[in-house]
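Structural overview for review
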Amino acid sequence: AAGDAPDKLAVVASTVSSKMTRALAQKEGMRFEETLTGFKWICNKKFDLQQEGYKVLLAFEESIGFCCGDLVNDKDGVCAAAVFAEMANQL
C-alpha cells in the first residue's frame, strides 16, 4: 500500500490465528481487528473497516485462508499465492 497512511491501513485475523500479526500491525501503526473463526466474520469486519475508510491489506484465518487486498472478498489461494510470491521476490 505504497502511499497510504499507516493509520488508515488494517489487518484482520481470526482469534485463533497467530498473535504475531497483531504485534506487527501495531508496530507499523496499522489497525488490527480480531474476529471469530470463519470468513463470514472476517469479511464482515473487513467491510466494516472499509466503511470507516480503512484499506484492509490482509484478512486471514489459521486454516490458511487468505484474503489479500480487495480484489476478491473471500478466501482466495490463487491471489494469495501471487502476493506471497511477489513478496518473496522483493527479499
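Bear in mind that the values here come from a model prediction, so they are computed numbers and not experimental data.

1. Quick word on the overall build of the chain
In terms of helices and strands, the chain carries three helices and four strands. Ordered by position from N to C terminus, the α and β elements of the chain give β-α-β-α-β-β-α. Scaling as 2.2 N^0.38, a compact globule of 91 residues should have a C-alpha radius of gyration of about 12 Å, and the chain matches this with 12 Å. Based on the C-alpha atoms only, the size of the chain along its principal axes is roughly 30 × 25 × 25 Å.

2. Side note on the pairing of strand S1 (residues 9-14)
Within S1, six of the six residues are buried, which leaves the element mostly enclosed by the surrounding structure. Of the two faces of S1, the one carrying Leu9, Val11 and Ala13 and the one carrying Ala10, Val12 and Ser14 are both buried. For S1 and strand S3 (residues 55-61), the ladder comprises five bridges, and the chain directions are parallel. By the bridge assignment, Ala13 is partnered in S3 with Phe60. The pairing of S1 with strand S2 (residues 31-35) spans five bridges and is classified as parallel. Directly across from Val11, in S2, lies its bridge partner Phe32. In this region the chain leaves S1, passes through helix H1 (residues 20-27) and returns to the parallel neighbour S2; the handedness of that crossover is right-handed.

3. Some points on the sheet that holds strand S4 (residues 65-68)
Across the sheet, four strands lie side by side as S2-S1-S3-S4; this open sheet has mixed pairing. For this open sheet the edge positions go to S2 and S4, each flanked by a neighbour on one side alone. Strand-to-strand twist across the sheet, computed as the mean angle between neighbouring axes with direction ignored, equals 15 degrees. Sheet topology places S3 next to S4; four bridges connect them, and they run antiparallel. Each bridged residue has a counterpart across the sheet, and for Glu61 the counterpart in S4 is Gly65. Most of the contacts of H1 go to S2, to which it runs at about 155 degrees, and overall it touches S1, S2 and S3.

Definitions and limits used
- Residues numbered from 1 in each chain as written.
- Predicted model: local features only at pLDDT ≥ 70, side-chain atom pairs only at ≥ 80, totals over all residues.
- Heavy atoms only, no water.
- Helix = DSSP H or I, 4+ residues; strand = E, 2+ residues; numbered from the N terminus.
- Rg over C-alpha atoms; globule rule 2.2 N^0.38 Å.
- Buried < 20%, exposed > 50% of the residue type's maximum accessible area, 1.4 Å probe, protein only.
- Pairing = 2+ DSSP bridges.
- Right-handed = clockwise from strand over helix to strand, strands pointing away.
- Axes fitted to C-alpha atoms, helices over the stretch in contact; angles between N-to-C directions.
- Contact = heavy atoms within 4.5 Å.

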